[in-house]
Amino acid sequence: MAPIYASVDLGGTNIKGALAGPDGQVLCSRSMPTLSHEGPAAVLERIAALVEGLCQQAQARPAALAMAVPGLADVRRGLTKFLPNLPTQWRDVPVRDLLEPKVRCPVFLLNDVRMATLGELTFGHGRARPGATMVFFAVGTGIGGGVAVDGKLRLGPLGAAGELGHQIILPDGPRCGCGNRGCLETLASGPAIAAEGIRLMQSGLAPRLHELVGGDVSRVTAREMAAAAQAGDKNVEEAIARAAEYLGIGVVNTVVVLHPDLVVIGGGVARLGELLLEPIRRTIRQRVGMFPTDGVEVRTSLLGEMAGTLGGVALAMEGGLLDNE
Ligand SMILES: [Zn+2]
């Protein structure tokens, strides 16, 4: 029988787990609340119980387990270093050493967006392009990223390489959660786009958007803005295009550094589709002058919300990629 692998996603709200085969076929999955206020030890107990439940359901045990974490993890030592959205921030929690005896298989950690990058590389757009150089932008509440060079995920010493949302686009721009100013994330994330939508609506410059959300600022999202743009709000359309162009500039910076075969846009904001992709492609054409970019494909994620889960399968299968460099 082919080996199976466990993929766990530790989120601030929910823990999701799945068992899958080496082809990425998911055998079973389940989720439960993280209850992160109970602290790392209790959360890890809950993860072990979730995996145990999956094993009973599948009548099989995984050969290895990969766990995606929302922040920084020391991939070589199996420690979480800084999970900003969880209480106590999980500084130096020896997750691997605590979890391995409970789940009785090797445990590997990786940042959640790098995990999604690996998923897209192994089972998504990268599958048909072995050896591809790929950059992945996860555009949602923030902007995460990941980089694969010549078919290999670039980890760096901590698994932190590829923070594409924190490249500086406007040196004096808005303050970012990372402490810097003018990072791509402050200009093109979901909340950054929505903030401009709210400003336009409150200034009376977005009548369709006002209608769509009933004037309720808490309902303004990039998706509602896309609908308003479609319905004729020129200013909203322009706001989305500007964010997309900033994203395009972030993409251009990676294109001149890496000349990737593939640029993949994931995360909730990727649902804007062509509204986002067209300005990115245009920005690449207009702003990369050093070499032809016809071969650079810009796509939305093929795997969508499954990218992280399948990235975990790939990471478990490949032994944590620890001999990747
Ligand atoms: Zn930043």
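Refer to the preceding data block for the structure.
Keep in mind it's a predicted model, so treat the numbers as computed, not measured.

### Here we look at the nonpolar core
Phe 137, Leu 209, Val 236, Leu 247, Ile 265 and Ile 280 are the most contacted members of the largest nonpolar core, which totals 45 residues. By residue number, the principal contributor to this core is helix α8 (residues 234-258), which donates 10 residues. Apart from the residues lying within four places of it in its own chain, the contact partners of Ile 265 are Phe 137, Val 139, Ala 270, Leu 276, Leu 277, Ile 280, Arg 299, Thr 300 and Ser 301. Grouped together as the second largest cluster of nonpolar side chains are 31 residues, Val 75, Ala 132, Leu 262 and Leu 310 included.

### Points about the sheet that holds strand β10 (residues 152-153)
The five strands lie next to each other as β10-β9-β8-β11-β12, forming an open sheet whose pairing is mixed. Only two strands of the sheet have a single partner each, and these edge strands are β10 and β12 (297-300). As judged from the two bridges shared by strand β9 (residues 143-149) and β10, these two strands associate in the antiparallel manner. Considered in β10, the bridge of Val 149 is made with Lys 152. Where α8 meets the sheet, its contacts fall on β8 (134-139), β9 and β11 (262-266), and the angle it forms with β8 comes to roughly 160°.

### A look at the coordination of the zinc ion
For the zinc ion, the full set of protein donor atoms is His 166 (ND1), Cys 176 (SG), Cys 178 (SG) and Cys 183 (SG), at a range of 2.0 to 2.3 Å. The coordination sphere of the zinc ion comprises four donor atoms, whose angles at the metal cover 103 to 121°; the geometry is tetrahedral. Between the donor residues of the zinc ion, the gaps in sequence give the motif H-x9-C-x1-C-x4-C. Of the two residues, His 166 is situated in the loop between β10 and α4 (184-188) and Cys 183 in the loop between β10 and α4; the sequence distance between them amounts to 17 residues. By relative accessible area, which is 25% here, His 166 ends up partly exposed.

### Quick word on the pattern of salt bridges
When the charged atoms of two side chains lie near each other, side chains of opposite charge can form a pair. Under the definition given, this model contains 17 salt bridges. Arg 208 is the partner of Glu 211 in a salt bridge, and the nearest nitrogen-oxygen pair spans 3.4 Å. With a gap of three residues between them, Glu 211 and Arg 208 both fall in helix α6 (residues 207-213), about one helical turn apart. Of the charged contacts in the structure, one is a salt bridge between Glu 274 and Arg 281, with a shortest N-O distance of 3.1 Å. Take Glu 274: its relative accessible area is 48%, and that puts it in the partly exposed class. Three or more residues joined by partner-sharing salt bridges are found here, namely Arg 129, Glu 297 and Arg 299.

### Details of the pairing of β11
For β11, the buried fraction is high: five of the five residues fall into the buried class. Residues of β11 alternate between two faces, with Leu 262, Val 264 and Gly 266 on one and Val 263 and Ile 265 on the opposite face, all of them buried. Bridge analysis of β8 against β11 gives five bridges, and the strand direction is parallel. Looking at the pairing, Phe 137 lines up with Ile 265 of β11.

### Quick notes on the sheet that holds strand β2 (residues 14-20)
Strand-to-strand pairing in sheets goes through backbone hydrogen bonds, with the strands running parallel or antiparallel. Strand order in this open sheet of five strands is β3-β2-β1-β4-β7, and the pairing throughout is mixed. The open sheet is flanked by β3 (26-33) and β7 (107-111), the only strands paired with a single partner. Here the strands of the sheet are splayed against their neighbours by 15° on average, with no regard to which way each runs. Two strands pair when backbone bridges link them, and strand β1 (residues 5-10) and β2 are joined in this way by six bridges, in the antiparallel orientation. Looking at the pairing, Val 8 lines up with Gly 17 of β2.

Cut-offs applied
- Along each chain, residues carry numbers from 1 onward, in the same order as the chain's sequence is written.
- Only residues with pLDDT of at least 70 get local features here, since the model is predicted, and only at 80 or more are side-chain atom pairs given and counted; chain-wide, interface and lining totals rely on the full set of residues.
- For side-chain calculations, the full set of non-hydrogen atoms in the structure is used, while hydrogens and water are omitted.
- Throughout this description, the term nonpolar core refers to a set of buried Ala, Val, Leu, Ile, Met, Phe, Trp, Tyr and Cys residues connected via side-chain atoms within 4.5 Å.
- Residue exposure (1.4 Å probe, protein chains only): buried if accessible area is under 20% of the type maximum, exposed if over 50%, otherwise partly exposed.
- Strands here mean DSSP runs of E at least two residues long; helices mean DSSP runs of H or I at least four residues long; both are numbered from the N terminus.
- Pairs of residues are marked as contacts when any of their non-hydrogen atoms sit within 4.5 Å.
- By this definition, two strands are paired if DSSP reports at least two bridges between them.
- Every axis in this analysis is a line fitted to C-alpha atoms, fitted for helices over the stretch in contact. Angles between the N-to-C directions lie between 0 and 180 degrees.
- Donor atoms are limited to N, O and S found within 2.8 Å of the metal ion, a distance that becomes 3.2 Å for Na, K and Ca. With water left out, some sites might look partial.
- A four-donor site is classed as tetrahedral when every donor-metal-donor angle falls between 85 and 135 degrees; four donors are called square planar, and six octahedral, when trans pairs exceed 155 degrees and all remaining angles lie between 65 and 115, with any other arrangement labelled irregular.
- Only one rule defines a salt bridge in this text: a Lys or Arg side-chain nitrogen within 4 Å of an Asp or Glu carboxyl oxygen.

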